[in-house]
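# Descriptive structure summary
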Amino acid sequence: MSLQDFLSTLDSLEGEASSAFDSAADPELLEAARVRFLGQKSGAIRDVQKQMGSIDKSDRKAAGMRLNEFKSNIQAAFDACKARLGGSDDSAVDPTFDPTLPGVRPNIGHIHPITQTISHLMEIMGRMGFEAAEGPEVEDPWHNFVALNIPEDHPARDPLDNFYLATARSAGKSSATRSNVEGSQLLRSQTSTVQIRVMENEQPPIRVISLGRVYRPDDPDATHFPMFHQMEGLLVDRSVTMANLKTVLRVFANNYLGDDVDIRFRPSFFPFTEPSVEVDFFWNDAWVEFGGAGMVDPAVFEAVGYDTEQFSGFAFGLGVERLCMRRHGISDIRDLYSGDLRFLRQF
Ligand code: PHE
């Protein structure tokens, strides 16, 4: 085929195509025209492309250029027609979609305020050289009571004040060394259990904190919940004094609550410390109680086999929820555990 014939074939096909697409009045006519001109199997473009082979080599370049133009013109006519008829399904634009509306913010999860508080407390105490220690939440009476100098008949062991588990104590075996201790396991009522666990396994000097859950059968109200968290601290060394205790707690309070926070000790009693104190922080014009503390009672050192002539130490236990609530202005402890995202999202 001569170049001339080829070009005129293209001209007339292009004319036919553009009038077919221009006049297509509905999607069916558009589809018919598409098959006729753009169809992969026997469309006009395909047919005419095949004729390229019969064109003189010297004319091929000119023919190819025109063919490309021809193809894009027909494609453009098709696209215009498609747009005019409202397009086919894949290009349909939802008329209710308003691109100017603000988007929906994806919900990104984050760390619970109590967990955040725990990390913060660990960091502050870590800077004072306290390492984190852990113990189980299901405890035996030895660690929760006996080694802490809380004897069998002590009211703190009352079943009404503790969550005892309804499991039979397996005789002997792993706890054989403390097999003289009777009673069923319980959910620990204080993190002081971890003091015992640490001292059973390590020799002084000891400088640990333990942050974790404790359980007491209190009816929930704004300041009580049957599960809460404590930060236990224990320091054992030679010639440790009450002044060391007070300094550590003051530095802690100033770091966590603010420079202007003052600290006060009130006389108290705990079986495992002597003397014992309640720890108050002066915060927003009021003294607020944050926990208990004292010098480790020699009876506790004896229970873990420490030499009471050589070592002394202090221990403290502060309420984590209380600290977190004061710092963030939370007024009801139940909000922390309601799982209400409107509340939790604020932290
Ligand atoms: N375990 C005590 C409580 O739960 C707090 C405490 C810890 C007191 C350590 C003194 C020393 O109330």
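Right above here is the structure, for reference.
Residues numbered from 1 in each chain as written. Predicted model: local features only at pLDDT ≥ 70, side-chain atom pairs only at ≥ 80, totals over all residues. Heavy atoms only, no water.

### What about the sheet that holds strand β4 (residues 186-187)?
This is how it is decided: Being paired, for any two strands, means DSSP has found at least two bridges between them. Counting from the N terminus, the helices are DSSP H or I runs at least four residues long and the strands are E runs at least two residues long.
Read from one edge of the open sheet, three strands run β2-β4-β3, paired in antiparallel fashion. Looking at the sheet topology across the chains shown, the edges are occupied by β2 (138-139) and β3 (163-164).

### Notes on unusual backbone geometry
Our working rule: Think of it in three bands: with a 1.4 Å probe and only protein chains considered, a residue is buried below 20% of the maximum accessible area for its type, exposed above 50%, and partly exposed in between.
For the bond running from Pro 204 to Pro 205, omega is 0°, close enough to zero to count as cis. Among the secondary structure elements, Pro 205 is positioned in the loop between α7 (192-201) and β5 (206-215). Across the junction of Glu 274 and Pro 275, the peptide omega takes the value -5°, indicating a cis bond. Locating Pro 275 in the fold gives a position in strand β8 (residues 273-283). Backbone geometry places Asn 284, a non-glycine residue, at a positive phi of 50°. Positionally, Asn 284 belongs in the loop between β8 and β9 (286-296). Note on Asn 284: relative accessible area 63%, which makes it exposed. Unlike most non-glycine residues, Asp 285 shows phi in positive territory, near 65°. Its location among the elements puts Asp 285 in the loop between β8 and β9.

### Section: the nonpolar core
Stated precisely, the cut-off is as follows: As used in this record, nonpolar core signifies buried Ala, Val, Leu, Ile, Met, Phe, Trp, Tyr and Cys residues forming a set joined through side-chain atoms within 4.5 Å. Working rule for contacts: check all heavy atoms of both residues, and any pair within 4.5 Å makes them a contact.
Residues Met 231, Phe 252, Phe 281 and Phe 316 are the most contacted members of the largest nonpolar core, which totals 43 residues. Among the elements that line this core, the one with the most residues is helix α8 (residues 242-256), at six residues. Beyond its immediate chain neighbours, meaning those up to four positions away, Phe 316 contacts Met 125, Ile 209, Met 231, Glu 232, Gly 233, Leu 245, Val 248, Leu 249, Gly 292 and Ala 293.

### Remarks on the sheet that holds β9
The pairing of strands in a sheet happens through backbone hydrogen bonds and is either parallel or antiparallel. Worth spelling out the cut-off: Convention adopted: a line fitted to C-alpha atoms gives each axis, helices being fitted over their contacting stretch, and angles between N-to-C directions are expressed from 0 to 180 degrees.
As summarised here, the arrangement of the seven strands in space is β1-β5-β6-β10-β9-β8-β7, forming an open sheet in which the pairing is mixed. Two strands bound the open sheet, and with one partner strand each, they are β1 (131-132) and β7 (262-270). The pairing of β5 with strand β6 (residues 227-237) spans ten bridges and is antiparallel. Opposite Arg 213, over in β6, you have His 229 as the bridge partner. Each of β1, β5, β6 and β10 (312-319) is contacted by helix α5 (residues 113-127), which is oriented at about 165° to β5, the strand it contacts most. Each of β6, β7, β8, β9 and β10 touches α8; the most contacted strand, β10, lies at about 30° to it.

### So, the site of the ligand
How we decide: Note on definitions. A residue lies near a molecule or strand when any single heavy atom of the residue is within 4 Å of it. Each polar contact in these results corresponds to two N or O atoms within 3.5 Å; when the atoms are within protein, one needs to be able to donate a hydrogen and the other to accept it, and residues that are neighboring in sequence are counted only if both atoms are side-chain atoms. Only the protein chains shown count as cover for residues, with accessible areas throughout obtained via the Shrake-Rupley method and a probe of 1.4 Å. Three classes are used: nonpolar for Ala, Val, Leu, Ile, Met, Phe, Trp, Tyr, Cys and Pro, charged for Asp, Glu, Lys and Arg, and polar for all others, with Gly counted as polar.
Within the structure, the ligand sits among 14 residues, and Gln 190, Ser 192, Arg 216, Gln 230 and Gly 317 are positioned closest to it. Between the ligand and the protein, one listed contact pairs a nitrogen atom with a side-chain N or O atom of Ser 192 at 3.0 Å. Contact distances for the ligand include 2.8 Å between an oxygen atom and a side-chain N or O atom of Arg 216. Burial of the ligand by the surrounding chains reaches 91%, relative to a free accessible area of 330 Å². For the shell around the ligand, the secondary-structure elements that each account for two or more residues are α7, β6, β9 and β10. When residues of the shell around the ligand are assigned to their parent elements, the largest contribution, three residues, is made by β10. Classifying every residue of the shell around the ligand by side-chain character gives five nonpolar, seven polar and two charged.

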